[in-house]
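Survey of secondary and tertiary structure
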Amino acid sequence: MDFEADLSNNLYKLWNRLSSGSYFSPPVRRVDIPKGDGRTRPLGIPTVADRVAQMVVKRYLEPLVEPYLHQDSYGYRPGKSALDAVGVARQRCWRYGWVLDLDIKAFFDSIDTDLLMRAVRRHTSCVWVLLYIERWLRAPVQMADGSLVVRERGTPQGGVVSPLLANLFLHYGFDMWMRRNHPDIPFERYADDAICHCSGEAQAGELRASLERRFAECGLTLHPEKTKIVFCKDDDRRGGYPDQKFYFLGYTFRPRLSKRRRGTVGVSFSPAASDKALKAIRQTVRT
């Protein structure tokens, strides 16, 4: 790599520019990666020097933010993982009969940068941290044809500091709002994927309508097709409902035959690796 070929000098130049306030983020290169449904996900790839600079800010900011984040926020946090979120969701699906499966439309591209900076300022007044985060949020995107596109919203999905900023945005936009307004509804959130556990269909419907209004206030939109209410059917829950399964972090939650606590076999609402995840694993092995 060009940066590593002269590592000491390149790091010194970067430190000099960062410490003097003269560092400006170069354009973020856009790369579209395929998704499982045939569409693509846009990533913003910073330069090597920019990734180093973002890591400096992340290592400063993360210890200030981490103690305040919600216990049921699992994404991109030290000591927490996707498997932790799946395990908690599994247990709560046994206790609650209904789930509101949330999907935020184009979340990383829709973040209101003014609201995000307000959230950052609640945790630090460090001038250079605020300066460089603002510059990263306003850095243009370089398209495949070399053209530059000015960004007015969002944080690049692919940047080192972006997951921390996204977590902070949803901490105030969703986690704390849920704690204040719906303290009786537990949830698991991994970045912008969230599962809310409700005691009934009516409560899930009311929560969905309430969240649509809340996210509109934050400049976000719930995906109308992917956001859905799911009935966690098992042997103890009678009745029917169109949606009886949901996908969360590579797992499919649905009614399955399994051994129950008393040693009997019955239907339990539980997770297993999704077909899409298994297909990706098989493809990786074949490759």
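Residues numbered from 1 in each chain as written. Predicted model: local features only at pLDDT ≥ 70, side-chain atom pairs only at ≥ 80, totals over all residues. Heavy atoms only, no water.

Moving on, we get to the side chain of Lys228. Relative to the helices and strands, Lys228 is located in strand E8 (residues 228-231). Buried and unpaired, Lys228 has no salt bridge, with Asp243 as the nearest side chain of opposite charge at 4.4 Å. From its side chain, Lys228 meets the backbone oxygen of Lys245 in a polar contact 3.3 Å long. Excluding anything up to four places from it in sequence, Lys228 contacts Val99, Leu100, Asp101, Arg208, Asp243, Lys245 and Phe246. (Helix = DSSP H or I, 4+ residues; strand = E, 2+ residues; numbered from the N terminus. Buried < 20%, exposed > 50% of the residue type's maximum accessible area, 1.4 Å probe, protein only. Lys, Arg positive; Asp, Glu negative; His and termini not counted. Salt bridge = Lys/Arg side-chain N within 4 Å of Asp/Glu carboxyl O. Polar contact = N/O pair within 3.5 Å; in protein donor to acceptor, adjacent residues only side chain to side chain. Contact = heavy atoms within 4.5 Å.)

Ranked by internal contacts, the top residues of the largest apolar core, which has 51 residues, are Phe107, Ile133, Phe174, Met178, Cys196 and Leu211. Broken down by element, the residue count for this core peaks at 9 residues, all from helix H8 (residues 162-181). The contacts of Phe107, once residues within four sequence positions are left out, are Ala166, Phe169, Leu170, Asp192 and Leu220. Grouped together as the second largest cluster of nonpolar side chains are 15 residues, Tyr74, Ala85, Cys93 and Phe246 included. (Core = buried A, V, L, I, M, F, W, Y, C linked by side-chain atoms within 4.5 Å.)

This brings us to the sheet that holds strand E7 (residues 193-198). One open sheet holds the 4 strands; their spatial order is E6-E7-E3-E8, and the pairing between them is antiparallel. Looking at strand neighbours, the two that pair on one side only are strand E6 (187-190) and E8, the edges of this open sheet. When strand polarity is set aside, the average angle formed by the axes of neighbouring strands in this sheet is 20°. Across 6 bridges, the pairing between strand E3 (residues 98-103) and E7 is antiparallel. Each bridged residue has a counterpart across the sheet, and for Leu102 the counterpart in E7 is Ala194. Packed onto the sheet, H8 meets E3, E6 and E7 and runs at close to 170° relative to E6. Here helix H9 (residues 201-217) sits on the sheet and contacts E3, E7 and E8; the angle it forms with E3, its principal contact strand, is near 20°. (Pairing = 2+ DSSP bridges. Axes fitted to C-alpha atoms, helices over the stretch in contact; angles between N-to-C directions.)

Function cannot be inferred from these measures alone, as they are strictly geometric.
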